[in-house]
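Read off the chains here:
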Amino acid sequence: MPDHAEAPVAPGPPAPLQVALLPVLRDNYLFLLHDGRRAVLVDPALAEPAIAWLKQRQLELVAVLHTHHHSDHIGGTPALLREWPRAEVVAARDDRERIPFQTRGVADGDRFSLLGQPVEVLAVPGHTRAHIAFHLPLQGELFCGDTLFAGGCGRLFEGTPEQMHRSLQRLAALPEATRVWCAHEYTEANLRWAAAQRPEDGAIAERLAAVRRTRSDDGATIPSSIGEERRTNLFMRAADPRELADLRRSKNDWAG
């Protein structure tokens, strides 16, 4: 018998997940998180590209996350469930009628584990009434759907300027290194509009130049970061809902 007891080994932090993005449709992205064996999809507009990607890498789909109900965010899920019928579908509990295949309804403040990583659910209405975001605090990832875009924000289809302002300020309070995985490649258009509104703003001009270089090679401008959005996103910088509403009207009408 040993004459001493071995101290228990404290569990270490969870292994980081890999994040990949697949461009689909005209300007959508769907996101895949995986640990080398299992995978999670965020906002799959289409199934076929995701199925091919997962099967090529021999990954099992264990969950699908939905930020909101629009068809270019949930359209691929039924076909994905035919391939992986045991996969969990996580969506806003308040959107069960519009996302009827959800198996786990969540709401603001809910927490759950995803491939060993903790996930926080944030209510971020404005684009839609039941829009949510998924925040992985240990890894520093934010999947925000169409609430926050790189250099912009979503149109106010079902929400109010007050809601959108509150949602963006909530996201702005996350650590500045948090990576922002928004669901559309709108960055260049957003920054061209922002530069037209604030031609004297050097940070916006510098970011626009970098984005143009990236897009000239068909590169993705996603992910952004919370810090970058604080510096260059006029909607996140809006002082109050009235200013945000004025900016949103300007962007809606902009033809540049």
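Residues numbered from 1 in each chain as written. Predicted model: local features only at pLDDT ≥ 70, side-chain atom pairs only at ≥ 80, totals over all residues. Heavy atoms only, no water.

Selection criterion: UniProt positions are given in the numbering used here, feature names are shortened, and annotations may be inferred rather than shown by experiment.
For the chain, the name recorded in an unreviewed UniProt entry is Hydroxyacylglutathione hydrolase, with Cyanobium gracile UHCC 0139 as its organism. According to the UniProt record, the Function (unreviewed entry) comment for the chain reads "Thiolesterase that catalyzes the hydrolysis of S-D-lactoyl-glutathione to form glutathione and D-lactic acid."

**Comments concerning the overall build of the chain**
Which entries qualify depends on this criterion: Each helix is a run of H or I in the DSSP string that is no shorter than four residues. Each strand is a run of E no shorter than two, and both are numbered from the N terminus. The globule rule used here is 2.2 Å times the number of residues to the 0.38 power, and the radius of gyration it is set against is calculated over C-alpha atoms. Only protein chains enter the accessibility calculation, which uses a 1.4 Å probe; a residue is then buried when its area is under 20% of its type maximum, exposed when over 50%, and partly exposed in between. Every residue pair with non-hydrogen atoms within 4.5 Å of one another is taken to be in contact. What sets the accessible areas is the Shrake-Rupley method with a 1.4 Å probe; for residues, cover comes only from the shown protein chains. In summary, the charge assignment counts Lys and Arg as positive and Asp and Glu as negative, without counting His or the chain termini. Lysine's charge is taken at NZ, arginine's at CZ, aspartate's at CG and glutamate's at CD.
Each helix and strand counted, the chain has 9 helices and 14 strands in total. Taking 256 residues into account, the globule formula puts the C-alpha radius of gyration at 18 Å, and the chain, at 19 Å, falls close to it. Seen through its principal axes, the chain has C-alpha atoms that stretch 75 × 45 × 40 Å. Evaluated residue by residue, the chain yields a buried proportion of 52% over its 256 residues. Here the analysis covers contacts within the chain between residues at least 6 apart in sequence; of these, 60% occur between residues at least 24 apart. In the form shown here, the chain has an accessible surface area of approximately 12,200 Å², with 50% of it arising from carbon and sulfur atoms. Counting 30 positive and 34 negative side-chain charges, the chain places the centres of these two groups 2 Å from one another.

**With respect to the sheet that holds strand β8 (residues 117–123)**
For clarity, the cut-off: Pairing between strands is defined by DSSP: at least two bridges between them are needed. In this description, a line fitted to the C-alpha atoms serves as the axis of each element, helices being fitted only across the stretch in contact, and the angle between N-to-C directions of two axes falls anywhere from 0 to 180 degrees.
Spatial strand order, β7-β8-β9-β10-β13-β14: 6 strands in an open sheet with mixed pairing. This sheet does not close on itself; its edge strands, each paired only once, are β7 (111–114) and β14 (224–225). In this structure, β8 lies alongside strand β9 (residues 132–136), joined through 4 bridges in antiparallel fashion. By the bridge assignment, E120 is partnered in β9 with H135. Here helix α4 (residues 161–172) sits on the sheet and contacts β8 and β10 (141–145); the angle it forms with β8, its principal contact strand, is near 155°.

**What to know about the environment of H66**
Quick reminder of the rule: Think of a polar contact as two N or O atoms within 3.5 Å of one another; within protein, one of them needs to be a possible hydrogen donor and the other a possible acceptor, and neighboring residues in sequence only count if both atoms come from side chains.
Within the fold, H66 resides in the loop between β4 (60–65) and α2 (71–74). On the basis of relative accessibility, which here comes to 0%, the residue H66 falls in the buried class. Through-space distance from the C-alpha of H66 to that of F31 is 11 Å; in sequence the pair is 35 residues apart. In contact with H66, not counting residues within four places along its chain, are D43, P44, H73, I74, T77, V89, V90, A91, I99, F101, I132 and F134. Within the structure, the side chain of H66 is placed 3.2 Å from the backbone oxygen of H73, a separation counted as a polar contact. A polar contact of 2.8 Å, which involves the side chain of H66, links it to the side chain of T77.

**Observations regarding the packing of aromatic side chains**
The test is simple: Only Phe, Tyr and Trp rings are paired, with Trp represented by its six-membered ring, and only when their centres lie within 6.5 Å; those with planes under 30 degrees apart are stacked, over 60 edge-to-face, the remainder tilted.
If you walk through the whole model with that rule in mind, you get 7 aromatic pairs. The interplanar angle of 70° and the centroid separation of 5.5 Å between the aromatic rings of F31 and W181 together place this pair among those described as edge-to-face. Taken as a pair, F31 in strand β2 (residues 28–34) and W181 in strand β13 (residues 179–182) lie far apart in primary sequence, 150 residues in all. The exposure class assigned to F31 is buried, which follows from its relative accessible area of 2%. Residue W181 is classed as buried on the basis of its relative accessible area, which comes to 3%. Judged by centre distance (5.2 Å) and plane angle (15°), the ring pair of W193 and F235 falls under stacked. Here W193, found in helix α5 (residues 187–197), pairs with F235, found in helix α8 (residues 234–237); they are 42 residues apart in sequence, far enough to count as distant. Accessibility assignment for this pair places W193 and F235 in one class, buried.

**Observations concerning the sheet that holds β2**
Strand order in this open sheet of 6 strands is β1-β2-β3-β4-β5-β6, and the pairing throughout is mixed. The open sheet terminates on both sides in strands that have one partner only, identified here as β1 (18–24) and β6 (104–106). Across this sheet, the average inter-strand angle for adjacent strands is 25°, counted without regard to direction. In this sheet, strand β3 (residues 38–42) lies alongside β2 in antiparallel orientation, the contact comprising 4 bridges. Bridging across to β3, F31 finds its partner in V42. Where helix α1 (residues 48–56) meets the sheet, its contacts fall on β1, β2, β3 and β4, and the angle it forms with β1 comes to roughly 140°.

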